[in-house]
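Per-entry structural report
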Amino acid sequence: MFKNYLKIAWRNLRKHKLYSIINIVGLSVGVACSLIIFLFVNNELSYDRFHKDSDNIYRALMNGKLGENEFHFSVAPAPLASAIMEEIPEVEIAVRFRNSGSSIVKKPDGNESFKENRIIAVDSGFFELFSFPLLEGDPEKQFKMPNGMAISQKMADKYFPGKSAINQTLLLNGDQPFNITGVFVDMPKNSHIQMDFLISMSYLKSEANNMLWVSNNFYTYFRLQKDADPELVSGKINEMISKYLAPQIMQFMGKTLEELDASGNYYYAEIQPLEAVYLNSDFTFDIGRMGNKTYVYLFALIAIFITVLACINFMNLSTARSGNRSKEVGVRKVLGSFRKHLISQFLMESIMLTIFSFVIGIILASLLLPFFNDLAGKELSLPLSNPLFLLVLIGCALVIGIMAGIYPAFYLSSFKPVETLKGKLAFGHGNSYIRSGLVVFQFFISIILVIGTITIYKQLNYIQNKQVGFQREQVILVQDAYMLGDQRQSFKEAITKLQNVSSASFSGYLPVTGYNRSDNTFWPEGKSPSDDNLVLTQIWQVDYDYITTMGMKLTKGRDFNIEQASDSNAIVVNETAFRKFGFTDMEGQNWIQTNANDENTGQAFSDQFNKFRVIGVVKDFNYESLKSSIGALAFQIAPNTSVLSIKLNSADFKSSLAAIEDTWKSIDATLPFSYSFLDDEFGAMYASELKMGKIFTIFTSLAVLIGCLGLFALASFMAEQRTKEIGIRKLLGASVNGIVLLLSKQFSKLVIIAFILAVPLAWWGITTWLEGYTYRISIGWELFAIAGGAAFLIAWLTVAYHSIKVALGNPVNSLKSE
């Protein structure tokens, strides 16, 4: 019996080639897309779950508000880690680390230097808390000494190929020796911590020992006991913070925490599970590139939609063809077939088609994965050697085959033999409402996806072209200029003399994410600090040419002047800072101040202040992602030579770069020459959005294609069913245009219904997504008109071929069988 089912199923698939091919193509594309999306989603959800007891590891986040200043940091005070270990028994171990930025690394006896970016300073319990296995070295002996270092296997092979790296020495920044005490396995791709060099926290000296509870600079992670209540621990941490914070607030502001809280201010910690960090990190100063849970959920929904659309195609075509198979069902029943046999037969056809589609889909997914990996920056692969994965695939094929075929099977097997043999069900109109509903659902999903795609691209285009308040074009960034030592200034002077260079400036503080940031709290001089006048301000160290090189516009006052000695104690602020300090003009002497710090301990003095005179105001500019609003910012003349920014007066980048590199090598040919473009760095802030936008567009297009395939086949079938009707209409004088309009009208109504249903949900979805951007596009009616028009056009083009073909046909050929 089973063999007979297979044989009949195969014959039916071959007999109706068009419908079979459309179903197989649609379902295989759906399977391929769903597999790729599944691998992506699974990878995103797997981050940091490989650590032992990962469900008990947390990190501390700091949230605060003081007057108009509000912050949400992924970093915490320096003394927090040791305090929670000592005072909260539920905490087993706590570890801090701090990003050290990039460094030039070389061997003491080597001539070649390399720029390395993945370097952090860590506490000694790092390998006890995190499951990064050591290949060489004792985990308990790591980072005990100020010059201790552990490196990744990749770096060990790079600097010490073919021999042990233990007890070897590497120089950071040319003159800082570190003794290698451990080699660890390269950190997995699904870890949000991605580092190659780990140095001892004690190397930071006073910064690591800072006892200020109002200063947040260290990533702090800790593990709780298995039976610990995270909410209870969070409460204890905040009680402890209040205990240590209150005296410092009283010392600097003369107010109690209760008085600040009563004014609507707050300062508290929250703890975040390690497994939630990667997809839930929209905080200031986060450690690295993070994911976005919205995109993960969105892609998961798209995978479901694509699979559902493919199943709808099958159900639509199967029920539409019911009229053609009604006599077959009647004859089988008259000859003694039971309903269960018919159901089994139709389900067998559905499952066979689904299995074919899955095989093709797997092949298609394996061919497309390399392109997806390049686009998404992943290293995904199909785990075909995993028995569980294969069982899941087989199970999904059977479930989808049964789900897609169960309705047609029960519907077709329910026909009564007498009625089918009399031809009463020949045209299968009894299920037209169900087919119409399925078509509406297909276009409902397609319209939502099209609206989402258009919104993403409009927002990304807006970001890329928005005037951000500085000139990011034709600016070259020469990295690690500080490595030139005493020749730094000579290098800058030589660069400014080049033909295509208009100006150059030293500073590691740049208006794009990933560069130096330093904030402090200031208040107007002559006033006591209070929640009404304290302003959390970014303080950037720049030289005299910074504002000119960056193309920033002065709206009040003047720029720094190297000939005025007093400018060493002056600042230029942005418009936001000027307004928050309560200044209105430059007529008088506008001074601000902050507490001075002890150079050795980092402790702030309560009775000593650093004062700065505001000499100019620059127009507000976006120095972070457009998801963030513009905060208070001040420029200060101070030595910082991390990067030399070079403004070109020509678009001849090739010759300009060659001249800059030659100048660099003329000073020190042993140092690596590293550069980037400011506009590329700006674009990198939105790299993940751009990638997701491209991926979203591809899968949206495929979803629409699958829907069109089903509509194409359905239109073909409907035109075939109405051939004789059209022949009669033509004999009675109907025009070709009128017939085409008649055949297209039914599908047009369905698209209009889908559009009306889709608009409210699409509006809610894109509004919610755009709320993540402080600067965003406005949502107008034209967005929905474009999406609706596109859907309407797609539907018309899909059915037009069959409509025109039937309308142009000779009516004699369609009627001669009567």
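Position numbers for residues start from 1 in each chain and track the written sequence from start to end. Totals for whole chains, interfaces and linings use all residues, but because this is a predicted model, local features are given only for residues with pLDDT of at least 70 and pairs of side-chain atoms are given and counted only at 80 or more. Excluded from the side-chain calculation are hydrogens and water; included are all heavy atoms of the structure.

Helical segments are the DSSP runs of H or I of at least four residues, strand segments are the runs of E of at least two, and each set is numbered from the N terminus. Per the secondary structure count, the chain includes 24 helices and 24 strands. Each residue is placed in one exposure class: buried if its accessible area under a 1.4 Å probe, protein chains only, is under 20% of its type's maximum, exposed if it is over 50%, and partly exposed if it falls in between. Buried positions account for 51% of the 818 residues belonging to the chain. The criterion used for residue contact is that any of the two residues' heavy atoms lie within 4.5 Å. For the chain, the share of sequence-separated contacts (at least 6 apart) that also reach a separation of at least 24 residues comes to 79%. Accessible areas in this description were obtained via Shrake-Rupley with a 1.4 Å probe; residue shielding takes into account the shown protein chains only. For the chain, the exposed area adds up to about 37400 Å²; of that, 57% sits on carbon and sulfur atoms.

Let us now look at the packing of aromatic side chains. Pairing of aromatic rings covers Phe, Tyr and Trp, the last through its six-membered ring, and needs centres within 6.5 Å; plane angles under 30 degrees mean stacked, over 60 mean edge-to-face, and all others mean tilted. According to the stated counting rule, one finds 45 aromatic pairs in the structure shown. For the ring pair Phe299 and Phe699, a centre distance of 6.4 Å and an interplane angle of 70 degrees mean the geometry is edge-to-face. Residue Phe299 is located in helix α9 (residues 293–320), and its partner Phe699 is located in helix α20 (residues 687–721); the two are separated by 400 residues in the primary sequence. Given the relative accessible area of 1%, Phe299 is considered buried.

Bringing the side chain of Asn622 into the picture now. One can find Asn622 in the loop between β21 (604–618) and β22 (632–637). A relative accessible area of 3% means that Asn622 is categorised as buried. The term polar contact refers here to a pair of N or O atoms within 3.5 Å; inside protein, the definition further demands a hydrogen-donor-capable atom paired with an acceptor-capable atom, and it admits residues adjacent in sequence only when both atoms are side-chain atoms. Within polar-contact distance, the side chain of Asn622 engages the side chain of Lys466 at 3.4 Å. Among residues more than four places away in sequence, those in contact with Asn622 are Lys466, Val468, Phe470, Pro511, Ile630 and Tyr775.

For strand β23 (residues 643–648), a buried count of six out of six residues is recorded, marking the element as mostly surrounded by other parts of the structure. Neither face of β23 is open: one carries Val643, Ser645 and Lys647, the other Leu644, Ile646 and Leu648, and all of them are buried. Two strands are said to pair when DSSP picks up at least two bridges between them. Relative to β23, strand β14 (residues 475–479) is paired through five bridges, and the arrangement is antiparallel. Bridging across to β23, Val478 finds its partner in Leu644. Summarising the sheet, strand β15 (residues 501–506) and β23 pair through five bridges and their orientation is antiparallel. Within the sheet, the bridge partner assigned to Val501 lies in β23 and is Leu648.

The strand order β15-β23-β14-β24 describes an open sheet built from four strands, whose pairing is antiparallel. In this open sheet, the two edge strands, each paired with only one partner strand, are β15 and β24 (675–677). Strand-to-strand, the axes of this sheet are offset by a mean angle of 20 degrees, without reference to chain direction. The angle between two axes is taken between their N-to-C directions and runs from 0 to 180 degrees, where each axis is a line fitted to C-alpha atoms and a helix contributes only its stretch in contact. Sheet contacts for helix α15 (residues 488–496): β14, β15 and β23; angle to β15, the most-contacted strand, approximately 160 degrees.

Glancing now at the confidence of the model for the chain. Do not read the fine detail of predicted coordinates wherever pLDDT is low. Taken as a whole, the chain shows an average pLDDT of 83; of its residues, 85% reach a score of 70 or greater. Of all secondary-structure elements in the chain, the lowest mean pLDDT belongs to helix α24 (residues 811–815), at 59, while strand β12 (residues 219–224) reaches the highest, 96. Confidence of the predictor at the level of single residues is captured by pLDDT, which takes values from 0 to 100. Segment residues 426–430 is flagged for pLDDT under 50; beyond a separation of four residues in sequence, or across chains, it makes nine contacts in the model.

Turning our eyes to something else, we now look at the environment of Glu87. Positionally, Glu87 belongs in helix α3 (residues 80–87). Classification of Glu87 by relative accessible area gives partly exposed; the value is 32%. The spatial distance from the C-alpha of Glu87 to the C-alpha of Ile237 is 9.1 Å, given a sequence separation of 150 residues. In this structure, Glu87 is in contact with Met240, Lys243 and Tyr244, ignoring residues within four places of it in sequence.

Moving on: the packing of α15 against helix α18 (residues 653–667). Two numbers describe how α15 lies on α18: the axes approach to 10 Å, and their chain directions differ by 150 degrees. By the criterion of interaxial angle, the relationship of α15 to α18 is roughly antiparallel. Taken as a pair, α15 and α18 cross one another with a handedness that is right-handed. Taking contact as the criterion, the partners of Phe491, Ala494 and Ile495 in α15 are, on α18, Ile660, Thr663, Trp664 and Ile667. When grouped by side-chain class, the residues that make up the contact of α15 with α18 number six nonpolar, one polar and no charged. Orientation categories follow fixed angle ranges, with anything under 35 degrees roughly parallel, anything over 145 roughly antiparallel, 65 to 115 roughly perpendicular, and all other angles oblique. Rotating anticlockwise by less than a right angle from the far helix to the near helix defines a left-handed crossing, while the corresponding clockwise rotation defines a right-handed one. Classification convention: Asp, Glu, Lys, Arg as charged; Ala, Val, Leu, Ile, Met, Phe, Trp, Tyr, Cys, Pro as nonpolar; all other residues, Gly among them, as polar.

Our next topic: α18. Residues separated by three or four positions in an α-helix point in the same direction, a consequence of the helix having 3.6 residues per turn. Residue count minus one, scaled by 1.5 Å, sets the expected span of a helix. Taking 1.5 Å of rise per residue, 15 residues should cover 21 Å, and α18 covers 21 Å from first to last C-alpha, within 8% of that figure. On the buried face of α18, the contacting elements are β14, α15, β23 and β24.

This part takes up unusual backbone geometry. Negative phi values dominate among residues other than glycine, just as trans dominates among peptide bonds. One non-glycine residue with positive phi stands out, namely Asp53, at about 55 degrees. For Asp53, the location among the structural elements is in the loop between α2 (17–45) and β1 (57–66). The backbone of Asp480 sits at a positive phi, close to 60 degrees, despite the residue not being glycine. On the secondary structure map, Asp480 appears in the loop between β14 and α15. Residue Asp480 is classed as buried on the basis of its relative accessible area, which comes to 4%.

What follows covers the nonpolar core. Counting residues in hydrophobic clusters, the biggest one holds 165 residues, and the most contacted among them are Phe97, Phe126, Leu198, Phe222, Ile237, Phe299 and Phe635. Here this core takes 13 residues from helix α14 (residues 432–465), the largest share from any one element. Counting 22 residues, the second largest nonpolar core, distinct from the first, contains Ala78, Leu170, Leu172 and Phe218. The definition of a nonpolar core used throughout is a set of buried Ala, Val, Leu, Ile, Met, Phe, Trp, Tyr and Cys residues joined through side-chain atoms within 4.5 Å.

What follows covers the environment of Ala78. Within the fold, Ala78 resides in the loop between β2 (69–73) and α3. For Ala78, a relative accessible area of 5% corresponds to the buried category. Measuring from C-alpha to C-alpha, the distance between Ala78 and Asn216 comes to 6.9 Å, with 138 residues separating the pair along the chain. Apart from residues lying up to four places away in sequence, Ala78 is in contact with Arg96, Glu207, Ala208, Asn210, Leu212, Ser215 and Phe218.

This part is about α15. Taken together, the buried positions of α15 are Phe491, Lys492 and Ile495. With its buried residues spanning 100 degrees around the axis, α15 presents them on a single face. For α15, the secondary structure elements touched by its buried residues are β14, β15, β23 and α18. To be clear, the arc concerns the directions from the helix axis to the C-beta atoms.

What follows deals with a nonpolar patch on the surface. Nonpolar side chains collect at one region of the surface, where Ile355, Val359, Ile363, Leu367, Leu368 and Phe371 lie side by side and expose about 570 Å² of accessible area between them. Examined against the element boundaries, Ile355 turns out to sit in helix α11 (residues 339–376). Of the residues examined, Ile355 reaches a relative accessible area of 39% and is grouped as partly exposed. Patches draw on residues past 30% relative accessible area with no salt bridge. Two like charges within 9 Å are joined, as are two nonpolar side chains (Val, Leu, Ile, Met, Phe, Trp, Tyr) within 5 Å. Whenever a carboxyl oxygen of Asp or Glu lies within 4 Å of a side-chain nitrogen of Lys or Arg, that contact is scored as a salt bridge.

The next point concerns the side chain of Lys647. Looking at the element boundaries, Lys647 is found in strand β23. Charged-residue counts in this description rest on Lys and Arg as positive and Asp and Glu as negative, His and the chain ends being excluded. Glu473 is the oppositely charged side chain nearest to the buried, salt-bridge-free Lys647, at an N-O distance of 5.8 Å. Polar contacts involving the side chain of Lys647 include one to the main-chain carbonyl oxygen of Glu473, which spans 3.0 Å. Not counting chain neighbours up to four residues away, the residues in contact with Lys647 comprise Gln471, Glu473, Gln474, Val475, Asn500, Val501, Ser502, Ser503 and Thr549.

What follows is about the pattern of salt bridges. Counted by the stated rule, this structure contains 18 salt bridges. Notably, a salt bridge pairs Asp480 with Lys115, separated by 3.5 Å at the nearest N-O pair. In this pair, Asp480 sits in the loop between β14 and α15 while Lys115 sits in strand β5 (residues 114–116), placing the two residues 365 residues apart along the sequence. Assessed through its relative accessible area of 25%, Lys115 is described here as partly exposed. For Asp196, the salt bridge goes to Lys154, with nearest N and O atoms at 3.9 Å. Of this pair, Asp196 sits in the loop between β10 (176–184) and β11 (197–200) while Lys154 sits in helix α5 (residues 153–159), placing them 42 residues apart in sequence.

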